[in-house]
Amino acid sequence: MFSSLKIRNYRLFATGAVVSNIGTWMSRVTQDWLVLSLTHSSAAVGITTALQFLPMLLFGLYGGVLVDRYPKRRLLLGTQGAMGLCGLVLATLTLSGHVQVWHVYLIAFLVGVVTVVDNPTRQSFVSEMVGPNQLRNAVSLNSANFQTARLVGPAVAGVLITSVGSGYSFLFNGLSFLAPLTGLLLMRSGELHKGRLVKRGKGQLREGLRYVKGRPELIAPIVLVGFVGTFGFNFPIWLTAFANNVFHGGAGLYSFFNILMAAGSLIGALLAARRRSTRLRLLVFAAAAFGLLEVLVSFSPYVWLFCLVLVPIGMMGMTTNISANTTVQMAAEPAMRGRVLSLYMMVFVGGTPIGGPLLGWVTDRFGARVGFLAGGGVTLIAALVVGFVLVKVVGVRPRMGVRRGLPYVELVPREGSRREAELASVG
């Protein structure tokens, strides 16, 4: 489960990441609650989230071109430093008592601009640290790292918000980026698996799109995570609304909701780290279960039942995310990985500027339950449609049976169709 941590460079990377991830989750929870406190609007929370991910929608593919063109370690030093600076600026505004909602909007947008380069760089830099044999394990541990921080960050943020105010959460976030910067500087360049840099030239963006075209093992996860990211991952909107308007629990309950989601996500990430392969059928079924659970939890009349279902929602969401990410990374050639991952991230988080305000409006207009139901319903339908396309177009069929006393459904190749190995993510 932890085999990639034997590699020194990756240990430095993971250690720095967990510190900055704790700060990031503290900042996210605090940011959502600050906007809600300033505006009393779920739509405003959706706008904040949308602004943070809008640059990925607009410029995501160009970020991938830069990732393939320049050394990734050098790019990360710049992006991590810039994100830390944004955190410190927001902390200064909040602690001084001058923060306004447009300040939060602006800084969220600037963080999104930096993320255009930072996200695909971090994703593709993993393969340079650990090599192809440990890539699947390292991707899963990255997610486990992120979710471990998600367990700690919201809890600390909830305490700080209610005791000393929001500004100190933002201050910790800004200072936390010193950890990954230190880790990057201490890495041994000679132990990195050097990727092939692509020289500057015309048509590199179109080349990346042509590469993805016609490859179902890339198209299926990218299309599916587009719907999941746009409609299924709007938790800042729904959880703030449920905590504030449905169950009347305040910032502490919102932080607790995030901790439960993180616990489920951590379990999903650790289970993914144990898997030896990633198959498209797992991605489809995880996404369908994720959407179905969101639909079911929207009807919950009790806070304890709502909390209970958040854990498996986190598990299925993380399984969907890791399965799609690993499939794309393993199927893409090294020289194209940055552009393919930028397309993946653009689709995954770039839809938030559309889904965030839309579902925020639905939540304000019709209530938190209808908003959660709408997002989960679209996710479930998308997973079923992608599964149907795989069955009817790509050439697989569903197979049902009983295993260890439990019913199961899986996709297997139809007789005379392409081999199953061509439908899976294969290193």
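Keep in mind that what you see is a predicted model, and the values were worked out from it rather than measured. (Residues numbered from 1 in each chain as written. Predicted model: local features only at pLDDT ≥ 70, side-chain atom pairs only at ≥ 80, totals over all residues. Heavy atoms only, no water.)

Relative orientation of the contacting elements helix 2 (residues 42-69) and helix 10 (residues 235-246) amounts to 155°, with a least axis distance of 9 Å. Relative to helix 10, the element helix 2 is oriented roughly antiparallel. Taken as a pair, helix 2 and helix 10 cross one another with a handedness that is right-handed. The segment helix 2 lies against helix 10, with Ser-42, Val-45, Gly-46 and Thr-49 engaging Pro-236, Ile-237 and Ala-241. Among the residues making up the contact of helix 2 with helix 10, the classes are represented as four nonpolar, three polar and no charged. (Axes fitted to C-alpha atoms, helices over the stretch in contact; angles between N-to-C directions. Helix = DSSP H or I, 4+ residues; strand = E, 2+ residues; numbered from the N terminus. Parallel < 35°, antiparallel > 145°, perpendicular 65-115°, else oblique. Left-handed = near helix turned anticlockwise from the far one by under 90°. Contact = heavy atoms within 4.5 Å. Nonpolar A, V, L, I, M, F, W, Y, C, P; charged D, E, K, R; others polar.)

For the rest of this paragraph, the subject is the packing of aromatic side chains. All chains considered together, the criterion is met by 18 aromatic pairs. With 6.3 Å between their ring centres and 65° between their planes, Phe-306 and Phe-372 make a pair best called edge-to-face. In this pair, Phe-306 is assigned in helix 13 (residues 303-331) and Phe-372 in helix 16 (residues 368-394), connecting sequence segments 66 residues apart. Across the pair, exposure class does not vary: Phe-306 and Phe-372 are buried alike. Taken together, the ring pairs connect Phe-233, Phe-235, Trp-238, Phe-242, Phe-247, Phe-257, Phe-290, Phe-306 and Phe-372 into an aromatic cluster. Over the aromatic face of Trp-25 sits the side chain of Arg-28, whose NZ or CZ is 4.9 Å from the ring centroid. Here Arg-365 stacks its cationic end above the ring of Phe-366, 5.2 Å away from the centre of that ring. (Phe/Tyr/Trp six-rings, centres within 6.5 Å; stacked < 30°, edge-to-face > 60°. Buried < 20%, exposed > 50% of the residue type's maximum accessible area, 1.4 Å probe, protein only. Lys NZ or Arg CZ within 6 Å of the ring centre and 35° of its normal.)

Here helix 15 (residues 352-366) spans 20 Å end to end across 15 residues, near enough to the 21 Å set by a 1.5 Å rise per residue. For helix 15, the full list of buried residues reads Thr-352, Pro-353, Gly-355, Gly-356, Leu-359, Gly-360, Val-362 and Thr-363. One or two steps after helix 15, the chain reaches Gly-367, where phi turns positive at roughly 105°. (Expected span 1.5 Å × (residues − 1).)

Moving on: the environment of Met-26. Structurally, Met-26 is set in helix 1 (residues 8-39). A relative accessible area of 2% places Met-26 in the buried class. Taking the C-alpha atoms as reference points, Met-26 and Ala-157, separated by 131 residues in sequence, lie 5.0 Å from one another. Contacts of Met-26, omitting those with residues within four sequence positions, involve Gly-153, Val-156, Ala-157, Leu-160, Ser-169 and Phe-172.

Turning to helix 10, a few remarks are in order. For helix 10, the complete set of buried residues consists of Phe-235, Ile-237, Trp-238, Leu-239, Thr-240, Ala-241, Phe-242 and Ala-243. Immediately beyond the C-terminal end of helix 10, within one or two residues, lies His-248, with a positive phi of roughly 55°.

Residues Leu-224, Phe-235, Leu-239, Phe-257, Phe-306, Leu-310 and Ile-313 are the most contacted members of the largest nonpolar core, which totals 82 residues. Not counting chain neighbours up to four residues away, the residues in contact with Leu-239 comprise Tyr-254, Phe-257, Asn-258, Met-261, Phe-306 and Leu-310. Grouped together as the second largest cluster of nonpolar side chains are 16 residues, Phe-125, Val-130, Val-139 and Leu-141 included. (Core = buried A, V, L, I, M, F, W, Y, C linked by side-chain atoms within 4.5 Å.)

Next up on the list: the packing of helix 3 (residues 72-95) against helix 6 (residues 167-176). Closest axis-to-axis distance for the helix 3/helix 6 pair is 7 Å, and the angle between their directions is 160°. Judged on the interaxial angle alone, helix 6 and helix 3 are roughly antiparallel. Every pair of crossing elements has a handedness; the one defined by helix 3 and helix 6 is left-handed. On helix 6, the residues that touch Gly-84, Gly-87, Leu-88, Leu-90, Ala-91, Thr-94 and Leu-95 of helix 3 are Gly-167, Tyr-168, Phe-170, Leu-171, Asn-173, Gly-174 and Leu-175. Counted by class, the contact of helix 3 with helix 6 contains eight nonpolar, six polar and no charged residues.

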